[in-house]
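# Descriptive analysis of the structure
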Amino acid sequence: MIRCLPLLLLLASPLAAHDLVSGDLHIIHPSIPDPLPTARSAAGYMAISNDGAEPEALIEVRTPFAEHATLHTTIFEEGVARMRGLEELVIPAGETVNLEPGGIHVMFMGLSGPADEGDMIPATLVFRNAGEVEVEFMVDPAQGGGHSGMDHSGH
Ligand SMILES: [Cu+2]
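Residues numbered from 1 in each chain as written. Predicted model: local features only at pLDDT ≥ 70, side-chain atom pairs only at ≥ 80, totals over all residues. Heavy atoms only, no water.

## What about the nonpolar core?
Looking at soluble globular proteins, one finds that nonpolar side chains tend to be buried together. Ile48, Val106, Phe108, Phe127 and Phe137 are the most contacted members of the largest nonpolar core, which totals 28 residues. Contact partners of Phe137, with chain neighbours within four places excluded, come to Pro30, Ser31, Ile32, Gly44, Tyr45, Met46, Val106, Phe108, Asp119, Met120, Ile121 and Ala123. (Core = buried A, V, L, I, M, F, W, Y, C linked by side-chain atoms within 4.5 Å. Buried < 20%, exposed > 50% of the residue type's maximum accessible area, 1.4 Å probe, protein only. Contact = heavy atoms within 4.5 Å.)

See the structure below:
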């Protein structure tokens, strides 16, 4: 079932998907919808599969693309989507966790420069057990509305 995921992502998007395997972790298409030139923040998405026998946790994201990169989850209060910081993202053994619009995402705050569709933005994912994994977030086509309209007052 997990093996089907890259194909599904590929079918969902006519654009190239990319992925990487590091030990028991399979990180599928880290991506950032192209932020507006004036945007000061952006959201990053990916899917993470844990093929190991132990739970894993994503505890930190580092990138020169932003002053701060944190994990957010989205909750709905009275129909309004709001962000909440997430201490860590647990990936249970044998499972896949999706970071996707309207749900969990990496929040890039204080962007260091513009990003253009097709750019590959280097980042380091820090896992509790596996340690540092180098990835590249692909800048994908902009999403209508999406993240910028969401309420980040929860910070
Ligand atoms: Cu957010």
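Let's pick the thread back up.
## A closer look at unusual backbone geometry
Phi angles above zero are rare outside glycine, and His29 is one such case at about 45°. Within the secondary structure layout, His29 lies in strand β2 (residues 25-33). A relative accessible area of 12% places His29 in the buried class. The phi dihedral of Glu78 falls on the positive side, at around 50°, and the residue is not glycine. As for its position among the elements, Glu78 is in the loop between β5 (66-77) and β6 (80-85). (Helix = DSSP H or I, 4+ residues; strand = E, 2+ residues; numbered from the N terminus.)

## Details of the side chain of His105
Mapped onto the elements of the fold, His105 is located in strand β9 (residues 105-111). Engagement of the side chain of His105 in a polar contact is seen with the backbone oxygen of Gly103, the distance being 2.9 Å. (Polar contact = N/O pair within 3.5 Å; in protein donor to acceptor, adjacent residues only side chain to side chain.)

## Quick notes on the environment of Ala123
One can find Ala123 in strand β10 (residues 120-127). Distance from Ala123 to Val61, taken between C-alpha atoms, is 7.0 Å for residues 62 residues apart in sequence. Not counting residues up to four positions away in its chain, the partners in contact with Ala123 are Arg62, Thr63, Val133, Glu134, Val135 and Phe137.

## Here's the deal with the pairing of β6
Two faces, one strand: in a regular strand the side chains alternate between the faces of the sheet. Relative to β6, β5 is paired through 6 bridges, and the arrangement is antiparallel. Across the sheet, Thr74 pairs through a bridge with Met83, a residue of β6. A loop of 2 residues connects β5 with β6, the two strands running antiparallel in sequence, and Glu78 in this loop sits at a positive phi of about 50°. (Pairing = 2+ DSSP bridges.)

## Quick look at the pairing of strand β4 (residues 56-62)
As paired strands, β4 and strand β7 (residues 89-91) are joined by 3 bridges and run antiparallel to one another. Each residue of the ladder has a partner; that of Glu56, found in β7, is Ile91. Of the strand pairs in this sheet, β4 and β10 are connected by 4 bridges, and their pairing is antiparallel. Residue pairing across strands places Glu60 opposite Val126, the latter belonging to β10.

## A short note on the packing of aromatic side chains
The final tally for this structure, using the stated rule, is 2 aromatic pairs. Ring geometry for Phe65 against Phe108: centres 5.6 Å apart, planes inclined by 75°, an arrangement best described as edge-to-face. Here Phe65, found in the loop between β4 and β5, pairs with Phe108, found in strand β9; they are 43 residues apart in sequence, far enough to count as distant. Across the pair, Phe108 and Phe65 agree in class, each one buried. Ring geometry for Phe108 and Phe137: centres 5.4 Å apart, planes at 85°, overall edge-to-face. (Phe/Tyr/Trp six-rings, centres within 6.5 Å; stacked < 30°, edge-to-face > 60°.)

## A few points about the pattern of salt bridges
By the definition in use, this model includes 5 salt bridges. Note that Glu77 and Arg82 form a salt bridge whose closest N and O atoms lie 2.9 Å from each other. On the basis of relative accessible area, Glu77 is assigned to the partly exposed category, the value being 33%. One continuous salt-bridge network, built from bridges that share partners, spans Glu60, Arg62 and Glu132. (Salt bridge = Lys/Arg side-chain N within 4 Å of Asp/Glu carboxyl O.)

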